[in-house]
Amino acid sequence: MSTQRRPSELARLEEVRRVGSERTAQVAGVLVEAFATDPLQAWLLEGVAVDKRAAWRTAWWSFMVGHAPPGTELHVTGDGSGAACWHPPGAAQLPAEAAEDFRRMVGELAGERAPVVLASLARIARRAPPEPHWHLAAIGVVPDRQGEGIGARLLAPMLARCDRLGLPAYLESSNSRNLTFYERLGFAATGQVRTVDERVALTLMWRPPGPAG
């Protein structure tokens, strides 16, 4: 039997779909794999035993996706190899109960480093531009599918929408290897922010809206 896929099947697998909260676990699972070697994630988990880090990455991304602000959009590829999380313009802060749950999680994860972690995350959040924009909170492609153009396809629908609506897009990247990828999509570095202990640097990137297609 032939293993070749029909063009219609390939199109379905490559299609980018907007999904709801029922797919939170799927989106979190992709991000767990994709961020396994991310510098900021490694810094967050450096005090965690190696055999427990996968479980903590799952807890982290499950929280971040499951408690995303109202209006957040989750996008996945049809084959589940990639996922992106976009926060909307004017995204609200976490409700008090969720914020307390987050502080508790960080406390369990980071132990005595928790104050530095929380202060660093607050510092990063404060650097977000005040202008209305879509914030690319996370994008990930499972490791064995990276380099196939999946990331660009994942971002294309939202970036096209930003262009139609005249809205910019923003992101922070702690992985310098990803900067040229974002630059090809129209993002430009506007600055840098470091963790409180100066150990991890994140590049801040901004994409002005282009002409609507």
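For the structure, check the block above.
This structure is a prediction, so every number in the text was calculated from the model and none was measured.

1. Here's the deal with the overall build of the protein
Along its length, the protein carries eight helices and seven strands. For the protein, whose C-alpha radius of gyration is 17 Å, the value lies close to the compact-globule estimate of 17 Å for 213 residues. Taken over the C-alpha atoms alone, the protein extends approximately 55 × 45 × 30 Å along its principal axes. Of all intrachain contacts in the protein linking residues separated by at least 6 positions in sequence, the fraction that spans at least 24 positions is 72%. Summing over all exposed atoms, the protein offers an accessible surface of approximately 11300 Å²; the carbon and sulfur share of this is 54%.

2. What to know about the sheet that holds strand E4 (residues 134-141)
Strand pairing in a sheet takes place through backbone hydrogen bonds and is either antiparallel or parallel in direction. Read from one edge of the open sheet, seven strands run E1-E2-E3-E4-E5-E7-E6, paired in mixed fashion. The open sheet has two free edges, formed respectively by strand E1 (16-19) and strand E6 (188-194), since each of these has just one partner strand. Strand-to-strand, the axes of this sheet are offset by a mean angle of 25°, without reference to chain direction. Pairing analysis gives six bridges linking E6 to strand E7 (residues 201-207), with the strands arranged antiparallel. By the bridge assignment, arginine 194 is partnered in E7 with alanine 201. Here helix H2 (residues 24-34) sits on the sheet and contacts E1, strand E2 (73-77), strand E3 (82-87) and E4; the angle it forms with E4, its principal contact strand, is near 70°. Sitting on the sheet, helix H7 (residues 150-165) touches E1, E2, E3, E4, strand E5 (169-173) and E7, and the angle it makes with E4 is about 165°.

3. With respect to the nonpolar core
If you look at the biggest cluster of nonpolar residues, it comprises 39 residues, and the most contacted ones within it are Val27, Trp60 and Trp61. If you list the elements that add at least two residues to this core, you get H2, helix H3 (39-44), helix H4 (53-66), E2, E3, helix H5 (96-110), helix H6 (114-126) and E7. The biggest single contributor to this core is H2, with six residues. Once you skip the residues sitting within four places of it in the chain, valine 27 turns out to touch Val19, Val65, Leu74, Val76 and Ala83. Counting 20 residues, the second-largest nonpolar core is a separate cluster that includes Val141, Leu159, Leu167 and Tyr182.

Cut-offs applied
- Residues numbered from 1 in each chain as written.
- Predicted model: local features only at pLDDT ≥ 70, side-chain atom pairs only at ≥ 80, totals over all residues.
- Heavy atoms only, no water.
- Helix = DSSP H or I, 4+ residues; strand = E, 2+ residues; numbered from the N terminus.
- Rg over C-alpha atoms; globule rule 2.2 N^0.38 Å.
- Contact = heavy atoms within 4.5 Å.
- Areas by Shrake-Rupley, 256 points an atom, 1.4 Å probe, with all protein chains shown as cover.
- Pairing = 2+ DSSP bridges.
- Axes fitted to C-alpha atoms, helices over the stretch in contact; angles between N-to-C directions.
- Core = buried A, V, L, I, M, F, W, Y, C linked by side-chain atoms within 4.5 Å.
- Buried < 20%, exposed > 50% of the residue type's maximum accessible area, 1.4 Å probe, protein only.

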